[in-house]
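What the coordinates show
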Amino acid sequence: MQRAQRAGYRGSVIGELISETFETEFETVNAWMLEAETRQVILDRRAGEMGVGWHQDDNGKLWWVVVLGEPAAGVQMAGF
């Protein structure tokens, strides 16, 4: 939450998902959806905003991160 706020995010952080894997982005999201705790974060109705990032180590291992947030009060989401 502090990292998101330092980056300028003004909404409320709902959750952060991190995966250390050799899997693709599709396999990673599928794995998150199979686990009740991470699926709950993804499907949280308050989560109207999302940030996604990844990093690849020299050995090919991928790190995936998704941060889900609720927009700050009075902030209109694009396209809605």
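As the structure is a prediction and not an experimental result, all values here were calculated from the model. (Residues numbered from 1 in each chain as written. Predicted model: local features only at pLDDT ≥ 70, side-chain atom pairs only at ≥ 80, totals over all residues. Heavy atoms only, no water.)

**A look at the environment of Glu49**
You can see Glu49 is positioned in strand S2 (residues 49-56). Each C-alpha atom, one on Glu49 and one on Ser12, is 9.7 Å from the other, the two residues being 37 residues apart in sequence. A polar side-chain atom of Glu49 sits 2.7 Å from a polar atom in the side chain of Tyr9. (Helix = DSSP H or I, 4+ residues; strand = E, 2+ residues; numbered from the N terminus. Polar contact = N/O pair within 3.5 Å; in protein donor to acceptor, adjacent residues only side chain to side chain.)

**As for the sheet that holds strand S3 (residues 62-70)**
One open sheet accounts for three strands, arranged S1-S3-S2; its pairing is antiparallel. Among the strands making up the open sheet, the edge pair consists of strand S1 (12-21) and S2. With direction set aside, neighbouring strand axes in the sheet form an average angle of 10°. Relative to S3, S1 runs antiparallel, the two sharing nine bridges. What sits directly across from Glu16, in S3, is Val67. Running over the sheet, helix H2 (residues 25-34) touches S1 and S3 and is turned about 120° from S1. (Pairing = 2+ DSSP bridges. Axes fitted to C-alpha atoms, helices over the stretch in contact; angles between N-to-C directions. Contact = heavy atoms within 4.5 Å.)

By themselves, these observations are geometric and do not establish any function.
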